[in-house]
Each structure stands twice: as structure tokens, then as C-alpha cells.
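Chain by chain, the residues:
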Amino acid sequence: MATAPTTAEAAGFPWGPRALIRRVRSGDELARLTTLVFALVVVLLAVMLVEQLWTNSAEARHRFGLAFLWSSTWDPVFNQFGALPFVYGTLVTSALGLLIAVPLGLGAAIFLAELAPRSLSDNLTFLIDLLAAVPSVIYGLLGVFILVPLMRTEIQPALKRALGFTVLFQGPLYGIGSLTAGLVLAVMIVPFIISVSREVLLAVPGDQREAALALGATRWEATWKAVVPYARTGIMGSIFLALARALGETMAVTMVIGNNPRISASLFAPGYSIAAVLANEFSEATGNLYLSALIELGLVLFLLTFVLNGLARLLILLTTSRGSVVQT
Amino acid sequence: MNLRMLWRKSVNVLMLSLTGLCALVAISLLFFILGYLAYHGGKDVNWDFFTKLPKPVGETGGGMANAIVGSGKLLLLAALFGVPVGLLGGMYLAEFGGRAVPFVVRYTADLLNGVPSIVIGIFAYAVVVMPVHHFSSLAGGFALGVMMIPIVLRSTEEFLHAVPRSMREGAMALGASKWRTISSVVLPAASRGILTAALLALARVAGETAPLLFTAFGNRFWSPGWSQPIASLPVMIFTYAVGPYEDWHRQAWAAGLVLLGLVLVTNIVVRTLLSRGTSPPRS
């Protein structure tokens with residue numbers, strides 16, 4: 001039944017029943033639906049993940065309520081579970097990691113974006129990306145056999161001599177502990193801070209620099225007072241991104257933190273983090289309540305990283321989209 | 001006046017050299033890690049390591065043949081699950097998507113990408129291990145596959161977008177249907193980028209330990225089939241490194257060197273290929 005094409009088709013609008021049949025026969029509609037299904041699988045997986053964490057932690061949530069978050073007893077034998085030591089350890093080690101990684105990463109990013117010639121900068125960034133690809137368990141291996149002995153014999157005694165009067169640097173020196181975990185985390189997140197901050201700094205328009213230099217500013221003054229403030233939001237984004245990584249980091253922390261669920265003010269004392277307790281106790285958890293308490297810890301960790309990642313992406317988007325309009 | 005200028009200039013030089021120092025420290029970390037592993041693990045990477053099973057606990061000798069094969073099997077499962085979903089989903093985002101659905105898919109993919117790997121492990125435990133009550137290769141492969149999906153999805157989308165519009169229009173002008181255009185013009189043009197991205201994703205999950213701890217679990221013997229606990233290099237490194245035996249520590253170093261070597265070589269090869277072709281991926 002060959003007739004002249006309808007006006008809609010002739011105009012290039014593939015609508016209407018005839019066009020639909022043509023699209024189905026040519027495979028377009030089939031391809032669209034198939035790919036749509038696979039795209040929706042991604043959404044489905046994310047929904048299932050949240051749903052599984054929620055339902056499987058039901059027992060612990062009902063038993064302990066919100067007090068789970070600030071109770072500090074973790075005693076599987078007596079079925080007493082509280083998340084505080086782990087939340088505390090996670091936050092302390094991540095904060096320590098950031099404290100070391102932010103200045104180091106920002107400095108390196110400034111060098112790569114502002115000072116180094118483009119080709120050198122690209123090559124060095126390639127190496128930084130490789131550093132980001134090193135598996136977490138390798139950092140743990142180096143942490144256990146190099147950093148821990150070094151901390152015990154050199155760094156911790158020195159810190160204790162210099163700062164032992166504060167509560168942060170007291171107690172016996174084991175080598176393992178929050179400080180060591182924070183150091184390992186710092187090394188692990190530095191590459192992320194460098195590569196994202198560098199990109200954000202590169203997106204700062206050239207006028208910004210030139211204006212400062214034209215007013216007689218030195219190179220450093222132009223960078224620190226004109227370029228960095230302009231990229232501030234994006235740099236904050238890179239820091240949040242790194243923080244989210246640090247919070248969820250498992251293996252390296254598990255291997256050096258000391259695995260002791262006690263809150264201690266001293267950074268030398270062994271601690272515990274959410275990810276580490278999951279790694280150590282999950283496959284050995286006996287009893288439903290124990291398992292569901294562990295899964296609730298997973299839920300807490302998920303929510304922490306979820307909020308931070310959302311903030312980070314928003315901040316990075318804000319700066320890069322603003323800067324890329326007049327990108328040099 | 002002069003004194004002030006001198007002060008500003010010295011601050012300038014000092015701070016700029018400090019930033020250089022920061023970069024130097026960061027870069028040297030990589031070489032330190034590489035060098036130390038090569039030095040410590042190099043002498044124990046031998047024929048036995050690749051061909052023998054682990055000896056019973058406490059005895060010296062043996063190798064990690066089962067863990068190497070195990071890692072291979074887990075990565076195969078991960079790729080079988082993660083690549084199709086990521087590839088076809090990314091194709092939808094780049095080629096067929098409207099406005100609302102791609103936004104939601106992109107958002108959830110970024111969300112999944114940010115989920116800590118240990119939480120992915122809990123997820124795989126809940127949906128694969130709990131119903132059948134035992135650890136298995138399938139569960140481990142599923143966990144790694146879930147981690148691959150967002151990476152493959154977003155890079156497929158980006159590489160498809162990078163294909164010039166004129167190529168699409170050329171095919172369309174010849175009368176090809178949309179699907180025909182995509183499958184025989186756009187996809188081949190973007191294929192190298194997508195392949196390299198999939199390899200990078202594979203290299204990333206190859207080193208993952210946390211999601212395997214309570215899905216694939218571990219095994220000191222061969223793991224026939226797909227439904228039994230299985231050994232893998234990263235988990236083996238963890239177990240051996242925290243174990244009490246000197247010989248285990250030696251083998252952990254050797255396994256670390258092998259794993260790092262595989263991951264870095266894949267990264268270097270893939271990234272060099274990538275930088276010579278289509279637009280580079282965003283990190």
C-alpha cells in the first residue's frame with residue numbers, strides 16, 4: 001500500500017502511526033527501548049542498594065533507635081551495639097588526612113596549574129593519576145610494614161617529646177593508631193585533591209591573573225589573591241570529594257588503625273572506623289542483631305558519603321561552569 | 001619602599017618554591033611506592049608464585065596460582081555484568097535520551113560511583129549471598145560489576161558525544177536509520193575510547209579488596225564452578241599482610257608487586273593510547 005509520505009514525515013518529524021511502524025521495522029524503537037532498559041538498571045541498582053541497607057538494618061534500628069548513633073558500647077557478646085566509637089574514629093582519621101592532604105595537594109595543584117609549563121604539567125598530572133590508581137590494599141601493605149615501625153621508633157617519640165604536654169599526643173606508642181591511619185589516608189586522597197583542584201584552577205580566566213599582574217602584583221600575589229579566591233568554590237568541592245573518599249576508605253585504614261572500639265583523646269591510641277569494623281566483623285557476625293547493627297553502620301557511612309558527594313559535585317559544577325565560559 | 005619590595009619578592013620566591021616542593025613530594029610518593037614494592041617483592045615473584053597453591057597454614061613455600069586465576073574469574077564476571085549495562089545505558093544517555101530520564105540516570109550513576117566500596121560489598125552480600133547462604137564467585141563478580149557500571153556508563157556517554165555531528169548527519173543523509181547510524185558509524189568511531197574506558201574501569205576494580213571480603217570471601221584451594229568461595233589477589237594480600245607468619249609477609253609483598261604492576265601497566269598503556277585519540281575523559 002505505497003502512498004505518498006504524509007506531510008509530517010516529509011518535514012522530517014517521524015511521528016504518527018506509519019512513522020512508528022517504520023521506526024519499529026528499522027530497529028530504532030527496539031534499540032531505544034533496549035538501551036532504556038539498561039539505563040534504568042542503573043537506577044534500579046541504586047534504589048535496591050538503599051532499600052537493602054534500610055530493610056536489613058531494621059532489627060537494629062528498632063532495637064536501638066537513634067541512640068545507636070551516640071551509644072559507645074560495642075559488645076557483640078551482650079548484644080549491645082553503639083556506633084559512636086566508629087563514627088568518631090572515621091571522622092578523626094578523615095580530618096587528620098585532610099589536614100595533611102589539603103595544603104600539600106593545593107600547593108601541588110597551584111604549581112601544576114600556574115607555574116609549570118603545560119607539557120610538564122600534563123606529564124606530572126599523568127603520574128598523579130597513576131598514584132590515584134594504586135589499590136588501597138597496597139597502601140595498607142606499605143602502611144603496615146613501613147609506616148607503622150617508623151611511627152613507633154621515630155615519629156611518635158619525636159611528637160611526644162615536642163607536644164606530649166597536650167592530650168593529643170600522650171599514651172603508649174604502638175605505631176598503629178588514628179594518627180597513622182590519618183597519614184595513610186592523606187597520601188591516598190592527595191591525588192584527588194591535586195587533579196580536581198588543578199582543573200578548577202586551569203578554568204580560571206586569564207584576565208583574572210593579568211589584571212593582578214598589571215597592578216604590579218608578584219606572581220605569588222596574583223595566584224593567591226586573584227586566582228585562588230576565584231576558584232575557591234571548586235577547590236572546596238575537591239576537598240569534599242576527597243573527604244568522601246577518606247570516609248569510605250577501608251583496607252588501608254583497617255590495616256593500620258589498631259581496631260579497638262574505644263574513644264580516646266590521644267591520636268596515638270588505637271581506634272576503629274566504620275569501614276574497618278565492617279571489613280573485620282561482617283563475615284564473622286553471628287546472630288541477626290549483630291549483622292543488622294553492622295548493616296546499619298553501612299547505612300550511616302552511605303548517608304555520610306552521599307551528602308558530601310552531593311555537595312562536592314554542586315561546588316565543582318558551580319566553578320567550572322562559571323570559569324569555562326571564558327576559558328583560556 | 002625598597003625593603004617592602006624585597007619582602008614581597010622573597011615571599012613570592014618562597015611560596016612558589018613551596019608549591020614546587022609539594023608537587024615534588026606527591027610525585028615522589030609514586031616512585032617510592034613502586035621502588036619499595038619492586039625491591040621487597042621482586043625477589044619473591046618466581047615460578048612457584050604463579051603456579052603453586054598456598055601451602056597449609058604455617059608451612060613455608062607455595063604460591064598464589066588460585067588467587068591469580070580467581071581474580072581473573074571475578075574480573076570476567078564483573079566485565080560481563082558491568083560492561084553491557086554501562087555501555088547500553090551510556091548509549092541511551094548520549095543518543096536516545098530526552099531530558100528527565102538521562103538526568104535521573106546520570107545522577108544515580110554519580111551517586112553509585114561515590115558509594116564506598118565496602119557498602120557495595122554489603123549490597124552484594126544482601127542480594128546474592130543471603131538468599132543462598134554461602135559466599136560465591138558470583139557474589140564477588142556482581143559487587144565488582146556494580147562498581148564498574150557508573151565508570152563505563154559515563155565514559156561511553158562522553159565518547160559518543162565526542163563523535164562529530166557531521167558523521168551522524170552524513171549517515172542520516174544516506175538514508176540510514178538512527179540505529180543503523182549509531183551501530184555502524186558512531187559506535188565504531190567511539191569504540192577505542194569506550195574500550196580504553198572499560199579497561200580503566202577493570203583496572204580500578206581489579207585492586208578492590210573491601211567488596212570481596214564477604215562476597216567472594218577467599219579460598220586456599222581451587223574454586224571450581226562459579227558458586228563457591230574464591231580467592232583473589234587483593235584479599236590474599238590483606239590476609240597475608242595482617243597474618244603472623246614471615247613467609248606470608250614475603251608472599252604479600254610479591255603479590256602486591258604483581259597486582260600493582262598489572263594495574264599500573266594497564267593504566268599507562270590505556271592512558272597513552274587515549275591521549276593520542278579522541279578527547280580525554282574527565283577524572
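Residues numbered from 1 in each chain as written. Chains lettered and ligands numbered in written order. Predicted model: local features only at pLDDT ≥ 70, side-chain atom pairs only at ≥ 80, totals over all residues. Heavy atoms only, no water.

**Some points on the overall build of chain A**
Then, in step 1: Of the regular secondary structure elements, chain A holds 14 helices and two strands.
Then, in step 2: For 328 residues, the compact-globule estimate of 2.2 N^0.38 gives 20 Å, and the C-alpha radius of gyration of chain A, at 26 Å, exceeds that figure by more than 25%.
Then, in step 3: The principal-axis extents of the C-alpha atoms in chain A amount to approximately 90 × 70 × 35 Å.
Then, in step 4: Counting over 328 residues, chain A shows a buried share of 55%.
Then, in step 5: Here chain A has roughly 14,700 Å² of accessible surface; of this, 67% comes from carbon and sulfur atoms.
Then, in step 6: Positive and negative side-chain charges of chain A, numbering 20 and 18 respectively, have mean locations separated by a distance of 3 Å. (Helix = DSSP H or I, 4+ residues; strand = E, 2+ residues; numbered from the N terminus. Rg over C-alpha atoms; globule rule 2.2 N^0.38 Å. Buried < 20%, exposed > 50% of the residue type's maximum accessible area, 1.4 Å probe, protein only. Areas by Shrake-Rupley, 256 points an atom, 1.4 Å probe, with all protein chains shown as cover. Lys, Arg positive; Asp, Glu negative; His and termini not counted. Charge placed at Lys NZ, Arg CZ, Asp CG, Glu CD.)

**Quick look at the interface of chain A and chain B**
A common way to state how big an interface is: give the accessible area lost once the parts meet.
Then, in step 1: Taken together, the contact pairs 77 residues of chain A with 81 residues of chain B.
Then, in step 2: Contact between chain A and chain B buries roughly 6,800 Å² in total, counting both sides, with carbon and sulfur atoms accounting for 82%.
Then, in step 3: The tally of links between chain A and chain B comes to two salt bridges.
Then, in step 4: Between Arg 271 of chain B and Asp 129 of chain A there is a salt bridge; the shortest N-O distance is 3.7 Å.
Then, in step 5: In this structure, the connection of chain A to chain B is made through six residue pairs in polar contact (both at pLDDT 80 or more). (Contact = heavy atoms within 4.5 Å. Buried area = accessible area lost by both parts, 1.4 Å probe. Salt bridge = Lys/Arg side-chain N within 4 Å of Asp/Glu carboxyl O. Polar contact = N/O pair within 3.5 Å; in protein donor to acceptor, adjacent residues only side chain to side chain.)

**Regarding the confidence of the model for chain B**
Interpreting fine coordinate detail is not advised for predicted regions of low pLDDT.
Then, in step 1: Of the residues in chain B, 97% have a pLDDT of 70 or more, and the chain-wide mean is 90.
Then, in step 2: Counted against residues more than four places away or in other chains, residues 278–283 of chain B, with its pLDDT under 50, gives 13 contacts. (pLDDT = per-residue confidence, 0-100.)

**Details of the domain arrangement of chain A**
Residues and elements named next belong to chain A.
Then, in step 1: What the domain assignment lists for chain A is domain 1 (14–56) and domain 2 (63–324).
Then, in step 2: A straight line from the C-alpha centre of domain 1 to that of domain 2 covers 38 Å.
Then, in step 3: Across the contact, five residues belong to domain 1 and four residues belong to domain 2.
Then, in step 4: Overall, the association of domain 1 and domain 2 removes approximately 470 Å² of surface from exposure, summing both partners, and the carbon and sulfur fraction of that is 85%.
Then, in step 5: When the area that domain 1 buries against domain 2 is broken down by residue, the three leading residues are Val 50, Leu 53 and Asn 56, summing to 80%.
Then, in step 6: The tally of links between domain 1 and domain 2 comes to zero residue pairs in polar contact (both at pLDDT 80 or more). (Domains from an automatic or database assignment.)

**Overview of the nonpolar core**
Then, in step 1: Among the nonpolar cores identified, the biggest contains 189 residues, and Trp 74, Ile 138, Leu 201, Phe 282, Leu 294 and Leu 297 of chain A together with Ile 118 of chain B are the most heavily contacted of them.
Then, in step 2: Counting contributing residues per domain, this core is built from domain 1 (14–56) and domain 2 (63–324) of chain A, each supplying no fewer than three. (Core = buried A, V, L, I, M, F, W, Y, C linked by side-chain atoms within 4.5 Å.)

**Structural notes on the side chain of Ser 177 of chain B**
Then, in step 1: Along the chain, Ser 177 of chain B falls in the loop between α7 (165–173) and α8 (178–206).
Then, in step 2: Using a relative accessible area of 18% as the deciding quantity, one classes Ser 177 of chain B as buried.
Then, in step 3: Not counting chain neighbours up to four residues away, the residues in contact with Ser 177 of chain B comprise Ser 26 and Asp 28 of chain A.

**So, a nonpolar patch on the surface**
Then, in step 1: Taken together, the side chains of Leu 303, Phe 306, Val 307 and Leu 311 of chain A together with Phe 103, Val 104 and Tyr 107 of chain B make up a nonpolar region of the molecular surface, amounting to roughly 660 Å² of accessible area.
Then, in step 2: When residues of the nonpolar patch are traced back to their parent elements, those giving at least two are α14 (288–324) of chain A together with α4 (100–114) of chain B.
Then, in step 3: Within the fold, Val 104 of chain B resides in helix α4. (Patch = residues over 30% accessible without salt bridge, like charges linked within 9 Å, V, L, I, M, F, W, Y side chains within 5 Å.)

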